[in-house]
Amino acid sequence: MARVTQKSVAQRAGVSQASVSLVLGGANAASLPEETVARIQTAARELGYVPNRLAQALKTRRTMTIACVVPDITNPFYPHLIRGVQGVAEAHGYDVIALNTDGSTTREQHFLQWALQGRVDGVVGVFFTLRAQALQILTDNAIAVVRVEAARKAGGAVPIDDIFIDGRAAAVAVVDYLLSRGHRRIAIIAGAGGPEQVRIDGYRAAMIAAGCDPVVVGVPKFDEAAGRIAGRRILEMQAGITAIFAANDLLAIGIMLELRAQNLRIPDDIAVFGFDNISAAPLVTPPLSSVTQFQDRMGETAAQILLNRIDGRLEGAATVTEMPFELVLRGSA
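Residues numbered from 1 in each chain as written. Predicted model: local features only at pLDDT ≥ 70, side-chain atom pairs only at ≥ 80, totals over all residues. Heavy atoms only, no water.

### Focus on the sheet that holds strand β5 (residues 160–164)
Read from one edge to the other, the open sheet built from six strands follows the order β2-β1-β3-β4-β5-β11, with strand pairing classed as parallel. Either end of the sheet is taken by a strand with one partner, and the two such strands are β2 (95–100) and β11 (320–322). For this sheet, the mean angle separating the axes of adjacent strands, direction not counted, is 20 degrees. Pairing between β5 and β11: three bridges, direction parallel. Bridge pairing in β11 places Asp162 opposite Val320. Packing against the sheet, helix α7 (residues 132–140) makes contact with β3 (122–125), β4 (144–149) and β5, and its axis sits at approximately 150 degrees to β4. (Pairing = 2+ DSSP bridges. Helix = DSSP H or I, 4+ residues; strand = E, 2+ residues; numbered from the N terminus. Axes fitted to C-alpha atoms, helices over the stretch in contact; angles between N-to-C directions. Contact = heavy atoms within 4.5 Å.)

### As for the packing of aromatic side chains
Considering all chains together, one arrives at five aromatic pairs under this definition. Arranged with centres 5.9 Å apart and planes meeting at 65 degrees, the rings of Tyr177 and Phe273 form a pair that is edge-to-face. Highlighted residues: Tyr177 in helix α8 (residues 167–180) and Phe273 in strand β9 (residues 271–273), separated in sequence by 96 residues. Just as Tyr177 is buried, Phe273 falls in that class too. (Phe/Tyr/Trp six-rings, centres within 6.5 Å; stacked < 30°, edge-to-face > 60°. Buried < 20%, exposed > 50% of the residue type's maximum accessible area, 1.4 Å probe, protein only.)

### So, the environment of Met323
Its location among the elements puts Met323 in the loop between β11 and β12 (326–328). Along the primary structure Met323 and Met298 are separated by 25 residues, whereas in three dimensions their C-alpha atoms are 7.0 Å apart. In contact with Met323, other than residues within four places in its own chain, are Ile163, Phe164, Ile165, Arg297, Met298 and Thr301.

### Considerations on the packing of α8 against helix α9 (residues 196–209)
It is the contact of α8 with α9, at a shortest axis distance of 7 Å, that shows an interaxial angle of 40 degrees. As the angle between them shows, α8 and α9 are arranged oblique. Helix-helix and strand crossings are classified by hand; for α8 and α9 the assignment is right-handed. Contacts between α8 and α9 involve Gly167, Arg168, Ala171, Val172, Val175, Asp176 and Leu179 on the former and, on the latter, Val198, Arg199, Asp201, Gly202, Tyr203, Ala205, Ala206 and Met207. The residue makeup of the contact of α8 with α9, split by class, is nine nonpolar, two polar and four charged. (Parallel < 35°, antiparallel > 145°, perpendicular 65-115°, else oblique. Left-handed = near helix turned anticlockwise from the far one by under 90°. Nonpolar A, V, L, I, M, F, W, Y, C, P; charged D, E, K, R; others polar.)

### With respect to the pattern of salt bridges
Oppositely charged side chains may form a pair once their charged atoms are brought near each other. Across all of its chains, the model carries 14 salt bridges by this definition. For the salt bridge of Glu35 with Arg39, the shortest nitrogen-to-oxygen distance reads 2.7 Å. Taken together, the residues span about one helical turn, with Glu35 and Arg39 both in helix α3 (residues 34–47) at a distance of four residues. Assessed through its relative accessible area of 47%, Glu35 is described here as partly exposed. Arg39 gets classed as partly exposed once you look at its relative accessible area, which sits at 32%. In this structure, the salt-bridge partner of Arg228 is Glu258, at a minimum N-O distance of 3.2 Å. Highlighted residues: Arg228 in helix α10 (residues 224–237) and Glu258 in helix α11 (residues 249–261), separated in sequence by 30 residues. One salt-bridge network, held together by shared partners, links Arg147, Glu149, Lys153 and Asp162. (Salt bridge = Lys/Arg side-chain N within 4 Å of Asp/Glu carboxyl O.)

Any functional reading would require information that these geometric values do not contain.
This is the structure in structure tokens:
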């Protein structure tokens, strides 16, 4: 069966091929009468027209594709972020490719080279190792970049836009809440890289301000298995810890599993507070208190900023956009 072309659509609709190209080629068709646009769309639908994205890319120098780069696709935080990006992107005719890096330098560098091959028009990314200096090569090659960050960035002349929640302030808010519940021996558990240092800094500041000694337990990853290891370390320390602040929910859930395995009651013996408010947080026993970052909204905002860059509605120096966070209080703390 022969491929349906724009010429075929033009013949069916009784219009010029140039008009069809305007409507179906992703260009601005505002100059055409609404009735003409409707006829073209009807003809395309009846004939089963499918746009040739490769031909469009050669003509417009756009792939109509953006990448969403995350460090751990299995962490439930990130699918919500990607969904937010995808919803906005698809509404503007863009496809989304999700890429997992495991937060490793090698994989983030590989992604950089992959993007430079002209595969995408823009990137929304959570980068654990690449800094603005490394990412500038993308903007130098007309590939827009929006980073999702755990702390405020300074902005600057390089047009790499940032959105962030104030992870330090969120950590302070968690510790202040636990202090208000009477806890004085509060430990923090954090994986390596990414938001680790920002959340530890906020925790330390709140503890020191309250005259309490910080207890920091580091683990290699932000996952459930690392949480179980951290839970065992906390118990082995015999430091009288009555509350644990986990730097993400997967760590918190692992900690809770280990505490329950040791016949400890949550929150009566040890309270647990997480970060990210993933979909599993209200489902564990007891339901996990956590910090929500409104991940879907974060993805939507990042995608809109990115498309503004791609389409030329946003020009010049980098922008910095702060997003809200909120403590979600449940039974674990």
